[in-house]
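Close look at the chain arrangement
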Amino acid sequence: MRWGIVLGFLCALFACAPSIAPTRWEALPEGQRAVMFGTITADISAGAINRYMLRYRNFDTGETAALNVEPLDDSGDDDLRERGRVVGRFFEVTLPPGRYEFYDVSFLAMGLFGASREWSARTPFSLPFTIQAGRTHYLGDVRAYPARAGGYFTFTDREARARELLAKRRAAAKAPPPPADIVNIVPDPDKAGTPFLRRGG
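A few points on the structure. These numbers were taken from a predicted model, which means no experiment stands behind them. (Residues numbered from 1 in each chain as written. Predicted model: local features only at pLDDT ≥ 70, side-chain atom pairs only at ≥ 80, totals over all residues. Heavy atoms only, no water.)

**A few points about the packing of aromatic side chains**
Here the structure, examined in full by the defined rule, presents eleven aromatic pairs. Aromatic side chains Phe-37 and Phe-90 sit 6.2 Å apart centroid to centroid with 40 degrees between the ring planes, which places their arrangement in the tilted category. Of this pair, Phe-37 sits in strand S2 (residues 34-43) while Phe-90 sits in strand S5 (residues 86-95), placing them 53 residues apart in sequence. With 5.2 Å between their ring centres and 15 degrees between their planes, Tyr-145 and Tyr-152 make a pair best called stacked. Judged by its relative accessible area of 22%, Tyr-145 falls in the partly exposed class. Within the aromatic cluster, the residues linked to one another by ring pairs are Tyr-56, Tyr-100, Phe-102, Phe-129 and Phe-155. When the ring centre of Tyr-103 is taken as reference, the NZ or CZ atom of Arg-57 above it lies at 3.9 Å. Sitting over the ring of Tyr-152, Arg-198 keeps its end group 3.7 Å from the ring centre. (Phe/Tyr/Trp six-rings, centres within 6.5 Å; stacked < 30°, edge-to-face > 60°. Helix = DSSP H or I, 4+ residues; strand = E, 2+ residues; numbered from the N terminus. Buried < 20%, exposed > 50% of the residue type's maximum accessible area, 1.4 Å probe, protein only. Lys NZ or Arg CZ within 6 Å of the ring centre and 35° of its normal.)

Here you go:
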């Protein structure tokens with residue numbers, strides 16, 4: 001895996017924290033947008049890394065974003081805690097319809113004096129998924145696991161739980177309830193051909 005040493009203050013200067021989806025996607029006209037939701041979690045029982053990221057991009061526009069979770073900086077969502085060893089958050093994002101792919105991972109570990117080490121895939125991979133206009137899509141429970149150098153992500157289908165979380169959050173925000181016909185797009189990580197993406201248990 002490739003890695004680089006960076007200074008922590010550079011992240012503060014250049015806003016290194018990633019977004020799950022570009023803000024401008026939220027302003028898309030009704031007929032040109034869709035919804036994707038799920039959970040991004042991290043198993044910290046073997047020791048936490050500061051940030052886990054799974055990067056994705058739109059095939060047609062080249063725009064990129066990332067699913068991310070920061071166990072050491074974010075207390076996470078109480079609904080997603082599992083015996084104190086798993087932290088994470090629920091996400092619901094608006095994005096344009098089209099063809100997408102997961103193509104890279106990133107694991108950031110902070111060191112002394114603000115320095116950090118980041119691991120990512122040596123060779124980009126491709127795990128495609130499709131977003132349909134006007135539909136609501138369930139991506140899955142995406143879970144990060146730390147390893148000796150970096151880590152890996154798993155995909156698990158926990159749609160029933162995610163539907164409950166989506167309904168709960170929309171009710172709290174006084175937003176319309178979720179549609180009944182949610183599109184399940186939980187991908188098969190084996191198709192990516194990389195050790196960084198695996199099936200969940």
